[in-house]
Amino acid sequence: MTDAPNYGFDTLQIHAGARPDPATGARQTPIYQTTAYVFRDADHAAALFNLQEVGFIYSRLTNPTVAVLQERVATLEGGAGAVCCSSGHAAQLIALFPLMAPGRNVVASNRLYGGTITQFSQTIKRFGWSAKFVDFDDPKAVAEAIDDDTRAIFCESIANPGGVLTDIPAIADVANKAGLPLIVDNTAATPYLCRPIEMGATLVVHSMTKYLTGNGTVTGGAVVDSGNFDWSASDKFPSLSQPEPAYHGLKFHETFGPLAFTFHGIAIGLRDLGMTLNPQAAHYTLMGIETLSLRMERHCQNAIEIAEWLEGHAAVAGVTYAGLKSSPYHAKAQELFPRGTGGLFTVKLKGGYDACVKLVDSLNLFSHVANLGDTRSLIIHSASTTHRQLTEEQQIAAGAGPDVVRISIGIENVDDLIADLDQALNAAG
Ligand SMILES: *Cc1c(COP(=O)(O)O)cnc(C)c1O
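All values reported here derive from a predicted model rather than from experimental measurement. (Residues numbered from 1 in each chain as written. Predicted model: local features only at pLDDT ≥ 70, side-chain atom pairs only at ≥ 80, totals over all residues. Heavy atoms only, no water.)

### Comments concerning the pattern of salt bridges
Once the charged atoms of two side chains with opposite charge are near each other, the side chains can pair.
Point 1. On inspection of all chains with the given rule, the structure shows 13 salt bridges.
Point 2. A salt bridge links E53 to R40; the shortest N-O distance between them is 3.4 Å. Taken together, the positions of E53 in the loop between α2 (42–49) and α3 (64–77) and R40 in the loop between α1 (9–15) and α2 put the pair 13 residues apart, joining distant regions of the chain.
Point 3. By relative accessible area, which is 31% here, E53 ends up partly exposed.
Point 4. Using a relative accessible area of 63% as the deciding quantity, one classes R40 as exposed.
Point 5. A salt bridge links D135 to R111; its shortest N-O distance comes to 2.8 Å. Here D135, found in the loop between β3 (130–134) and α6 (139–145), pairs with R111, found in the loop between β2 (105–109) and α5 (114–121); they are 24 residues apart in sequence, far enough to count as distant. (Salt bridge = Lys/Arg side-chain N within 4 Å of Asp/Glu carboxyl O. Helix = DSSP H or I, 4+ residues; strand = E, 2+ residues; numbered from the N terminus. Buried < 20%, exposed > 50% of the residue type's maximum accessible area, 1.4 Å probe, protein only.)

Below you can see the structure in the form of structure tokens.
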């Protein structure tokens, strides 16, 4: 893209980061299916390895196709830079890695994607890290959970799976007062519906597996840095503010300023953890992002219509879509998510666990899969699948109790989706 001061979202989702291929003029971004890049000479190689010059060395660190995607995602989120990686879960580790150390903790929302609760409550303990789970509807509780060892605050903009919205400005205020970075997982909202950095977030993470790619073809993740956080304001973030022994004592924050976190994520995170996105996957995600705004509009339109219809159905005990007038988040939705609240919600059935299982088995058009954010409509019974590793108490706190199914509304004809739900609900009794 040539210098483009004020292009709108629909333009940027197609053009940001991309330019005609300098070698061939190819208009679409080529898939640079290469492992390594020829150095001009020995001095060029040395400068690249010393981070004195930016360029391509080896595709575990950087690749031109992935670089276009990084610039596009950073632009859409309004960030200074982005690091793409192999999955959403990888993105969470790449985001936490420069901040954490043995004995340090992250204060996290108790309503998160089931896999993230497992990653944070179990697996990160192996690194000596821990998470404290708090109800983020109560910013005071978040503030009280912070201690001297806290290094980050973590939440989702629209919490998966429960139709819960986070008051990002209120939480950002708590993080700011504590001198800590706020990390927002913006997977379920996408930058079309929510721009956490504009609301005060420091870092945004994505599972690009979901809406950004949008058609269930790719596993990928991204970390976007706002470039706004002062890593040198305290002694809490030595990886960014202090000399790095693996780069001859280079200080990332002093050297790279607002790009410190992004450079660290590539030069240390991808280099040493190796959770790299491959160029083929980056290509699919770039294709998907070109139509992001159009898809999100339809996801939102279909979701509100179906949520309203389900709310009136005799077999249904409740629907958690934040766009519904009955939702406790309705006012917040108007204020913080004026374009809509996405395609994801849960439905509670009067018939409990058995009715949920029968519903899932009776649907024809909806697919029973552990995914979301696809063009196709998807359904899953979280308690017996994605949230199976959690206690029943954790399941209910996460909005995924035994009598609840999670639905990801696709972009099909809404009448066809309603007809399918109707016949399946009647079959479920
Ligand atoms: C899917 C998902 C993740 C994990 O992403 P993967 O790409 O599956 O690793 C994290 N957060 C949210 C909100 C998700 O929906």
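### Section: the domain arrangement of the chain
Point 1. As assigned here, the chain comprises domain 1 (9–288) and domain 2 (292–428).
Point 2. Taking only C-alpha atoms, the centre of domain 1 and the centre of domain 2 are 29 Å apart.
Point 3. Counting residues at the interface gives 39 residues for domain 1, matched by 39 residues for domain 2.
Point 4. Each partner contributes to the roughly 3,300 Å² buried at the junction of domain 1 and domain 2, and carbon and sulfur atoms together form 61% of this total.
Point 5. Taken together, the connections running from domain 1 to domain 2 amount to one salt bridge.
Point 6. With a shortest N-O distance of 3.4 Å, D167 and K332 are connected by a salt bridge. (Domains from an automatic or database assignment. Contact = heavy atoms within 4.5 Å. Buried area = accessible area lost by both parts, 1.4 Å probe.)

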